[in-house]
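# A look at the structure
Now for the letters of each chain:
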Amino acid sequence: MSYSAKATRDAFGQILEKLGHENPRIVVMDADLSCSTKSAIFAKSFPGRFFQLGIAESNMVGTAAGMALTGYTPFICSFGAFLTGRHETIRMSVGYSQTNVKIVGTHAGVGIGEDGHSQMGLEDVNVMRSIPGMTIFQPCDEATTHAAVRYAAATEGPFYLRLTRQKLPALHNSESVFKCGKGIVLKEGKQLALIGSGATVSELMKASEQLQDLQPWVIDMHTILPIDRDLVQHLSKVCNHIITVEDHNVIGGLGTAVAEVMAETSQDKAKLTRFGIEGFGESGDPGELYVKFGLAAEKLVGRIRRAVG
């Protein structure tokens, strides 16, 4: 199968509809944003298994938990900022109850552009990492999105999928590269490791072309929880510097997850630098926002060089 540049929300909608034909227990719910989250693709094929809950995210979470307890596999969809804002309901109805609910948060990060800060999921990973038993995926392209959704649908327990509005280039040519909890090494390097997730992976790949003298590793850390401890520990031993880059608040996301592993590994020699969003986003062209917040490849090159000295 050939893959193309595609927003991961689009890839999600397409694979979910396909899985709907394979698994009649899959049901989908949305909070009045089905055209944006792309759950509308599933709704068109399976109107009897699609439920529009309106702007009532807490109600949607509770309803999904109830359906999961009767044997269904519910996918609930909205913008990440709105869904994870219902933390108290997710904590009890999904986390504490360990219900088989798949939470799909689209429009992650400043990459959503013109929608602005009120709709940008920038703290969502932090919130979802606090819930015991949660698995968090942030795929970087179409192939890994398909694999992540397929894995979540077939695996019992709560999942959070963090998806983009903007198109992302195809970095992988097979779903087989995806393994839950295992980062993908896109480039092997020497003393510098660049770790990204979601939209920042392609920016790191572009930046690495201008950093060839530093011979950086480039890692696609698509699973943020559980983080790939073995890979992080290996990199922290062989590298002098690890840099994480995320379209998320610098607190509580990918960089924090990596820092936690490194803090628990007494043999580490690497220094860690975390790049992410500090504060809130703003409305604007997605590409220009990536430049302003230092996530675009051309900005990352300079930031990385300064970080490593």
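Above: the structure in question.
Fair warning: this is a prediction, and the values are worked out from it, not measured in the lab.

For the rest of this paragraph, the subject is the overall build of the chain. Along the chain, the regular secondary structure elements total 13 helices and 14 strands. Compactness check: the chain gives a C-alpha radius of gyration of 19 Å against a globular reference of 19 Å for 309 residues, within 12% of the reference. Projecting the C-alpha coordinates of the chain onto the three principal axes gives extents of approximately 60 × 40 × 40 Å. The proportion of buried residues among the 309 residues of the chain is 57%. Taking the intrachain contacts of the chain between residues at least 6 apart in sequence as the baseline, contacts between residues at least 24 apart amount to 77%. Split by element, the accessible area of the chain, about 11,900 Å² in all, is 51% carbon and sulfur. When the 30 positive and 32 negative side-chain charges of the chain are each reduced to one mean point, those points stand 3 Å apart.

Tallied over the entire structure, the rule returns 14 salt bridges. When the shortest N-O distance is used, the salt bridge between Glu-209 and Lys-187 registers 2.6 Å. One end of the pair, Glu-209, is in helix H9 (residues 200-209); the other, Lys-187, is in strand E9 (residues 184-187), with 22 residues separating them in the sequence. Asp-213 is the salt-bridge partner of Arg-305, the closest N and O atoms lying 2.8 Å from each other. With a gap of 92 residues between them, Arg-305 in helix H13 (residues 297-308) and Asp-213 in the loop between H9 and strand E11 (216-220) connect regions that are remote in the sequence. Of the residues examined, Asp-213 reaches a relative accessible area of 53% and is grouped as exposed.

This next bit is on the state of the cysteines. Applying the stated criterion across every chain, the model contains 0 disulfides. Its sulfur unpaired, Cys-77 is 12 Å from the next cysteine sulfur, which belongs to Cys-35. Cys-140 supplies the cysteine sulfur nearest to Cys-180, a cysteine that is in no disulfide, at a spacing of 15 Å. By relative accessible area, which is 25% here, Cys-180 ends up partly exposed.

Now for the layout of surface pockets. There is about 200 Å³ of room inside the largest pocket. In terms of lining, the largest pocket is formed by 16 residues, of which the most central are Gln-166, Glu-203, Lys-206, Gly-287 and Tyr-290. Elements with a minimum of two residues in the lining of the largest pocket: strand E8 (167-168), H9, helix H12 (286-292) and H13. Tallying contributions element by element places H12 first for the lining of the largest pocket, with 4 residues. In terms of residue class, the lining of the largest pocket is made up of 8 nonpolar, 4 polar and 4 charged.

What follows concerns the packing of aromatic side chains. Within this structure, the stated rule accounts for 7 aromatic pairs. For the pair Tyr-151 and Phe-159, a centre-to-centre distance of 6.0 Å together with 70° between the ring planes defines the contact as edge-to-face. A relative accessible area of 33% means that Tyr-151 is categorised as partly exposed. On the basis of relative accessibility, which here comes to 2%, the residue Phe-159 falls in the buried class. Over the ring of Tyr-72 we find Arg-25; its NZ or CZ atom is 4.0 Å from the centre of that ring. Positioned above the aromatic ring of Phe-275 is the side chain of Arg-303, whose terminal nitrogen or guanidinium carbon lies 3.9 Å from the ring centre.

Thresholds, definitions, all that
- Residues numbered from 1 in each chain as written.
- Predicted model: local features only at pLDDT ≥ 70, side-chain atom pairs only at ≥ 80, totals over all residues.
- Heavy atoms only, no water.
- Helix = DSSP H or I, 4+ residues; strand = E, 2+ residues; numbered from the N terminus.
- Rg over C-alpha atoms; globule rule 2.2 N^0.38 Å.
- Buried < 20%, exposed > 50% of the residue type's maximum accessible area, 1.4 Å probe, protein only.
- Contact = heavy atoms within 4.5 Å.
- Areas by Shrake-Rupley, 256 points an atom, 1.4 Å probe, with all protein chains shown as cover.
- Lys, Arg positive; Asp, Glu negative; His and termini not counted.
- Charge placed at Lys NZ, Arg CZ, Asp CG, Glu CD.
- Salt bridge = Lys/Arg side-chain N within 4 Å of Asp/Glu carboxyl O.
- Disulfide = S-S within 2.5 Å.
- 1 Å grid on protein atoms, 1.4 Å probe; cavity = no way out; pocket = protein on both sides within 12 Å on 5 of 7 lines; lining within 4 Å.
- Points joined across faces, edges and corners; volume = space filled by probe spheres on them.
- Nonpolar A, V, L, I, M, F, W, Y, C, P; charged D, E, K, R; others polar.
- Phe/Tyr/Trp six-rings, centres within 6.5 Å; stacked < 30°, edge-to-face > 60°.
- Lys NZ or Arg CZ within 6 Å of the ring centre and 35° of its normal.

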